[in-house]
Amino acid sequence: MSRDQILALIDAAVAAITANAEELTRLDQALGDGDHGSNMARGFQAIGAQREALAAMEPGDALQKAGMVLVTTVGGASGPLYGSLLMGIGKGLKAGKDPAEAFAEGVDSVKKRGKSDVGAKTMLDVLVPVLEAFQRRATGTELRRIASESREATKPMLATRGRASFLGERSIGHYDPGATSSCLLIQVACDVLEPTA
Ligand code: ADP
Ligand code: MG
């Protein structure tokens, strides 16, 4: 990943999260406490404020640093979870893993941090299917489609982790906010890193 790609990735992620913050908040009003949009906007704007410093780093170091920024600036569950994702990917890259295996390390960190897995109506319901497709070398187009379909699939699910789980059966019928932000971020990564696929 080049310096320009890191800058493009940061700028596109900040833009996508900022543009969709209201929608993320609206989804979290139905399932949680209505702060997912502001949490994500605050975290990604803090990353954006360090764009030059991050772009000067090796990708693995930049991801670890960006993950720490999320952990320290986002109060909600999503800060430590997305922080774990980025730090895990960064750690994997620094250990010499290929991008798919580094992504696997990030997703594993989210599972451990959240004591969670697929099927609980969380961001993992987007991240895990995308990871599995990435590991079998799916194209950017397929990854975008899988992210979008996986987010759609959270609507009928019953939440068993996070605040949404407090609603029990009433969690059914709403898209999960974290699955929605994960879908957005996957689209951004595909747009920037695989522009022709
Ligand atoms: P909070 O729940 O603290 O208000 P946010 O609203 O920012 O934090 O984030 C909520 C999102 O975090 C949920 O939509 C879900 O995708 C994700 N999430 C919550 N708890 C977990 C968990 N234990 N494992 C994985 N993801 C989780
Ligand atoms: Mg919330």
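Report follows, based on the coordinates. (Residues numbered from 1 in each chain as written. Chains lettered and ligands numbered in written order. Predicted model: local features only at pLDDT ≥ 70, side-chain atom pairs only at ≥ 80, totals over all residues. Heavy atoms only, no water.)

Attention shifts here to the side chain of Asp 28. With respect to the helices and strands, Asp 28 occurs in helix α1 (residues 3-31). Despite its burial, Asp 28 remains without a salt bridge, the nearest opposite charge being carried by Arg 163 at 6.1 Å. Not counting chain neighbours up to four residues away, the residues in contact with Asp 28 comprise Asp 33, Gly 34, Asp 35, His 36 and Pro 177. (Helix = DSSP H or I, 4+ residues; strand = E, 2+ residues; numbered from the N terminus. Buried < 20%, exposed > 50% of the residue type's maximum accessible area, 1.4 Å probe, protein only. Lys, Arg positive; Asp, Glu negative; His and termini not counted. Salt bridge = Lys/Arg side-chain N within 4 Å of Asp/Glu carboxyl O. Contact = heavy atoms within 4.5 Å.)

Right, let's talk about the coordination of the magnesium ion (ligand 2) for a bit. Around the magnesium ion (ligand 2), the protein contributes the donor atoms Asp 28 (OD), Asp 33 (OD) and Asp 35 (OD), which lie 2.1 to 2.2 Å from the metal centre. On the primary sequence, the residues serving as donors to the magnesium ion (ligand 2) are separated as D-x4-D-x1-D. Accessibility expressed as a relative area gives 22% for Asp 35, which makes it partly exposed. (Donors = N, O, S within 2.8 Å, 3.2 Å for Na, K, Ca; no water.)

Around ligand 1, 20 residues are found, and the nearest of them are Asn 39, Ala 77, Ser 78, Gly 114 and Asp 176. Gly 114 places a polar main-chain atom, nitrogen or oxygen, 2.9 Å from a nitrogen atom of ligand 1. Protein chains bury 92% of the 560 Å² of accessible surface belonging to ligand 1 in isolation. Broken down by secondary-structure element, the contributors of at least two residues to the shell around ligand 1 are α2 (36-48), α5 (78-94) and α9 (177-193). Grouping the amino acids of the shell around ligand 1 by side-chain chemistry returns 5 nonpolar, 9 polar and 6 charged. (Near = heavy atom within 4 Å. Polar contact = N/O pair within 3.5 Å; in protein donor to acceptor, adjacent residues only side chain to side chain. Areas by Shrake-Rupley, 256 points an atom, 1.4 Å probe, with all protein chains shown as cover. Nonpolar A, V, L, I, M, F, W, Y, C, P; charged D, E, K, R; others polar.)

As a packed pair, α2 and helix α4 (residues 59-73) sit with axes 9 Å apart at the nearest point and diverge in direction by 135°. As far as their axial angle goes, α4 and α2 are oblique. Where α2 crosses over α4, the handedness of that crossing is right-handed. Contacts from Arg 42, Gly 43, Phe 44, Ala 46 and Ile 47 in α2 reach Ala 66, Val 69, Leu 70 and Thr 73 in α4. (Axes fitted to C-alpha atoms, helices over the stretch in contact; angles between N-to-C directions. Parallel < 35°, antiparallel > 145°, perpendicular 65-115°, else oblique. Left-handed = near helix turned anticlockwise from the far one by under 90°.)

With 13 residues, helix α8 (residues 140-152) should reach 18 Å at 1.5 Å per residue; the first-to-last C-alpha distance of 18 Å fits that figure. Every buried residue of α8 is listed here: Gly 140, Leu 143, Arg 144, Ile 146, Ala 147, Ser 150 and Arg 151. Axial view of α8: buried residues confined to an arc of 165°, hence all on one face. Elements that come into contact with the buried residues of α8 comprise α1, α7 (124-135) and α9. (Expected span 1.5 Å × (residues − 1). Arc of directions from axis to C-beta.)

Our next topic: the environment of Gln 135. Structurally, Gln 135 can be placed in helix α7. Remark: the alpha-carbon pair of Gln 135 and Ser 182, spanning 47 residues in sequence, is separated by 18 Å. Setting aside residues up to four positions removed in sequence, Gln 135 forms contacts with Ala 100, Glu 101 and Ala 104.

Turning our attention to the nonpolar core. Of all hydrophobic cores here, the largest spans 50 residues; its most connected members are Phe 44, Ile 47, Leu 85, Phe 103, Val 107, Val 130 and Ile 186. Setting aside its immediate chain neighbours within four residues, Leu 85 contacts Phe 103, Gly 106, Val 107, Val 110 and Leu 127. (Core = buried A, V, L, I, M, F, W, Y, C linked by side-chain atoms within 4.5 Å.)

The analysis is restricted to geometry; functional conclusions fall outside its scope.
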